[in-house]
Every structure is written in C-alpha cells, then in structure tokens.
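Spelled out, the chains give:
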Amino acid sequence: MARNSLTHYLIRCEREHGIDPNLRLLIETVARACKTISHAVGKGALWGGGADGGVLGSAGSTNVQGETQKKLDVIANEILVEANEWGGHLAGMASEEMDNPLGIPVAYPRGHYLLLFDPLDGSSNIEVNVSIGTIFSVLPAPAGMADDDDEAQHFLQPGHRQVCAGYAVYGPQTMLVLTVGHGVVTFTLDRDTGSFVLTQENNRVPPDTREFAVNMSNARHWDAPMKRYIDECLAGKEGPRGKDFNMRWIASMVSDVHRIMQRGGIFLYPWDKREPDKPGKLRLMYEANPMAMLIEQAGGAATDGRQRILDIVPTRLHQRVSVMIGSKNEVEYVTGLHAATSRAAA
Ligand code: AHG
Ligand code: MN
Ligand code: MN
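Notes on the structure in this doc start here. Quick caveat: nothing in here was measured; it's all calculated off a predicted structure. (Residues numbered from 1 in each chain as written. Chains lettered and ligands numbered in written order. Predicted model: local features only at pLDDT ≥ 70, side-chain atom pairs only at ≥ 80, totals over all residues. Heavy atoms only, no water.)

1. Here's the deal with the site of ligand 1
Taken together, the neighbourhood of ligand 1 is formed by 17 residues, with Asp121, Gly122, Ser123, Met253 and Tyr269 sitting nearest. Separating an oxygen atom of ligand 1 from a side-chain N or O atom of aspartate 118 is a distance of 3.0 Å. Within the side chain of glutamate 287, a nitrogen or oxygen atom sits 3.5 Å from an oxygen atom of ligand 1. In isolation ligand 1 offers 470 Å² of accessible surface; the protein chains occlude 86% of this area. Put simply, ligand 1 lies in the largest pocket. Mapped onto the shell around ligand 1, the elements with two or more residues apiece are β4 (113–121), β12 (266–269) and β13 (282–283). (Near = heavy atom within 4 Å. Polar contact = N/O pair within 3.5 Å; in protein donor to acceptor, adjacent residues only side chain to side chain. Areas by Shrake-Rupley, 256 points an atom, 1.4 Å probe, with all protein chains shown as cover. 1 Å grid on protein atoms, 1.4 Å probe; cavity = no way out; pocket = protein on both sides within 12 Å on 5 of 7 lines; lining within 4 Å. Sits in = over half its atoms within 2 Å of the grid points. Helix = DSSP H or I, 4+ residues; strand = E, 2+ residues; numbered from the N terminus.)

This is the structure we're talking about:
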C-alpha cells in the first residue's frame, strides 16, 4: 500500500488520534463510491453504451423537496446506498434524494454510525460539463437506537457532533477533501491506479479575502443586512471596506467551497423573500453541516448570519438554512452586520 494513500492517512489517524478503525472502513467505502460516481460523470453521454443520453438528462421524477431529479442524482444516490448498506459500519443512511432515512437490511450487520449525503451537488451543471460533487457527513448513532429503528429523529444532531465530513469534487481532476476532526486533507484520484493520493495536507483558508460568491440575481429579495454587505463589497476601494472585491459563482456549492478552501473567499446563500417561510435554499444536514465542519477545521468560519451553523439543533431531516461560509474575518463581518440589524430592531 502506498504511503500517501487514503488508507495510509486514516491508519495514521488511528495511531495518532485514536480514530475508530470502523470509521476508517466506512470512509474507504464512501471514497470507493465516489470513484464510481466520478467514472459515471466522466462518461457523461457515453454511460451504459450511450442509450438515452447516458447519465445526462432528467430522471422524470421529483424528490421530497419538490426538485426535479436528474438521472445523475438518482444514479449517484444508488451507488452510495449500494456501496454502504452491507459493510456493517452503519446504523442508517439519509440522503437529499430519499424522503426518509434508510435502515440497514436485516441480512447485514449494523454498525455505530449514521451517514448523510448529497449524492450529486450542483445538478444544474451536469448538462454543461461544469464541476459537480458529492457531500457527506458522518454522525454517531445514538446509544439507544434499536436494531430495527430507522427514525429520522436519530439523525437530528447538531453539526458539532459530526465525526467526519467530506466532499468529492468531479472537475478537471477528481478530488476528495476530508476531515476526521484533525485538520483537512486533500486527495487526488490517480485515474491510472484508481487510488486517492494525498496531495495536500493541513489545508488552511486565509482569514481575509476580496472575493465573494453569491447568486446576485436574488439581490432584490434579500433582507437589509445582506443587501448592505454586498453593496459595501461593490463600492470597492472608495467604499467602507476600502478594497475592491471580485465575484465568482459556479452554482455548485462543492466547487465554490473548494475554491474557497484553496484561496479563501466567502460563499453566501442567504434567506430571501421568494419563499419567506423557508430559512434558506441549502440543506443543513448534508450540505451546510459537513461544509461548515470542513471550513472550520481549515481555520474558516460558517454561520447562518446569526449563529454558528454547527450549533444549530435540527428539527427536520431536510431542514434548510441560510449559509455564510469561508474566510473567518469576512464571515464574522457579515454576521456582525446581521447582529447590528437585530439589535437596532430590538
Ligand atoms: P443540488 O444540486 O444538490 O440541489 O444543490 C444545488 C445548490 C448548490 O450546490 C448551489 O450552490 C446552489 O444550489 C445553486 O443555486 P442557484 O441555482 O440559485 O444558483
Ligand atoms: Mn446540493
Ligand atoms: Mn444534490
């Protein structure tokens, strides 16, 4: 086994930090599933002999959030479920693409972890050959969880209880970015050998930035502190921030957060007035929480504009949340603007 493999890194974590060997085996299974998804993504229209456009196009169904499922959303979900259900490391799984959590079939042993995932993030980019990804989160299964119990309530734990978080980005290179609570590491898929090779250790997000990522077309629907923040950025050197800002928006959270992981920045998907009853667009349990753990482990910050994402106590599996994540000082600045507005209102 190569000294810079995923297995090698995880065994090192076992020896140095006492990571559970079963968690290692679970992460290796998720990583294998991500390789399979990467292969399907790379095939595109050629997948399965090219019939019906391969992995591209709509699945003709909708998920619990009322979103149209792409074929790749469904394929990636199946790959993750099939890879993980028999290994014996899990007590249950939950996914953006499944209404309810999935228990472990009785034929297989049960483990002590819960796996949550967004099997395919950035679905709007599938057809146009732009980077997409998979996001995952691992929680401990609660002690009292019975063998035949697959109730959603067991998953409703705050993000600071995650024991592992990661994403795979399917771009020009396929990369796996991972934390088990001891910093962030990046692996690059070697397509010749089929191994994830450690290519970056101790990823750090610079505390300051001049780059923001937000869907500006929603600006007229934002609330006052959010509008003020972006107006200040747009005012550049002459404005209150005293510096010019750049903007990037890929519309795949994985790809936008990956850029921030590499060179800093802030990613925002705030609450807006289009659907006032929804706290935001992104989902807490399998999008915001794992990304927040990764970014915090790399020295950045993540809030919903008011509180730390990882401290939110969830009440629903598919709960949505406002997300402000990235370079620490920038996240603190925008969170401060929200706090000032709340104080003024009080
Ligand atoms: P998903 O494809 O899993 O539904 O997530 C898409 C999310 C996120 O990845 C991205 O940042 C955002 O939706 C894009 O939103 P807009 O369509 O408003 O740009
Ligand atoms: Mn997503
Ligand atoms: Mn998705």
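2. As for the layout of surface pockets
In this model, the largest pocket occupies a volume close to 450 Å³. Along its surface, the largest pocket is lined by 25 residues, and Gly122, Ser123, Ser124, Ala251 and Lys281 are the ones closest to its centre. In terms of residue class, the lining of the largest pocket is made up of seven nonpolar, seven polar and 11 charged. Taken domain by domain, the makeup of the lining of the largest pocket includes at least three residues from each of domain 1 (6–201) and domain 2 (211–345). When its volume is computed, the second largest pocket comes out at roughly 260 Å³. (Points joined across faces, edges and corners; volume = space filled by probe spheres on them. Nonpolar A, V, L, I, M, F, W, Y, C, P; charged D, E, K, R; others polar. Domains from an automatic or database assignment.)

3. Examining the coordination of the manganese ion (ligand 3)
Looking at the manganese ion (ligand 3), the protein donor atoms are Glu96 (OE), Asp118 (OD) and Leu120 (O), and they sit 2.2 Å from it. The manganese ion (ligand 2) is placed at 3.7 Å from the manganese ion (ligand 3), the two being bridged by aspartate 118. Taken together, the residues span a long stretch of sequence, with glutamate 96 in the loop between β3 (90–95) and β4 and aspartate 118 in strand β4 at a distance of 22 residues. By relative accessible area, which is 5% here, glutamate 96 ends up buried. Overall, the relative accessible area of 0% leaves aspartate 118 in the buried class. (Donors = N, O, S within 2.8 Å, 3.2 Å for Na, K, Ca; no water. Buried < 20%, exposed > 50% of the residue type's maximum accessible area, 1.4 Å probe, protein only.)

4. Observations regarding the side chain of aspartate 272
Position of aspartate 272 among the secondary structure elements: in the loop between β12 and β13. A polar atom in the side chain of aspartate 272 sits 2.7 Å from the side chain of arginine 274.

5. Side note on the packing of helix α5 (residues 253–263) against helix α6 (residues 284–297)
Across the interface, α5 lies against α6 with an axial gap of 11 Å and an inter-helix angle of 10°. One finds that α5 runs roughly parallel with respect to α6. Contact with α5, carried on its side by Met253, Val254, Val257, Ile260 and Met261, involves Glu287, Met291, Leu294 and Ile295 of α6 and no other residues of that element. Taken together, the residues that form the contact of α5 with α6 break down as eight nonpolar, no polar and one charged. (Axes fitted to C-alpha atoms, helices over the stretch in contact; angles between N-to-C directions. Parallel < 35°, antiparallel > 145°, perpendicular 65-115°, else oblique. Contact = heavy atoms within 4.5 Å.)

6. Regarding the sheet that holds β12
Strand order in the open sheet made by the five strands is β11-β10-β12-β16-β14, with mixed pairing throughout. In this open sheet, the two strands that pair with only one neighbour each are β11 (246–247) and β14 (301–303). By the bridge criterion, four bridges tie β12 to strand β16 (residues 323–326) in an arrangement that is antiparallel. Residue pairing across strands places phenylalanine 267 opposite isoleucine 325, the latter belonging to β16. (Pairing = 2+ DSSP bridges.)

7. Quick word on the side chain of arginine 283
In this structure, arginine 283 sits in strand β13. Of the polar contacts made by the side chain of arginine 283, one reaches the side chain of glutamate 67; its length is 3.1 Å. A distance of 3.3 Å separates a polar atom in the side chain of arginine 283 from a polar atom in the side chain of glutamate 96. In this structure, arginine 283 is in contact with Gln65, Glu67, Glu96, Ala288, His318, Gln319, Arg320 and Val321, ignoring residues within four places of it in sequence.

8. Some points on helix α3 (residues 71–84)
Spanning 14 residues, α3 covers 20 Å between terminal C-alpha atoms, matching the ideal 20 Å at 1.5 Å per step. Summarising burial for α3: 11 of the 14 residues are buried, a large majority. Among the residues of α3, those classed as buried are Lys71, Leu72, Asp73, Ile75, Ala76, Asn77, Ile79, Leu80, Val81, Ala83 and Asn84. Turning to α3, the residues buried within the fold contact α2 (21–43), β1 (58–62), β2 (68–70), β3, β4 and β5 (132–140). (Expected span 1.5 Å × (residues − 1).)

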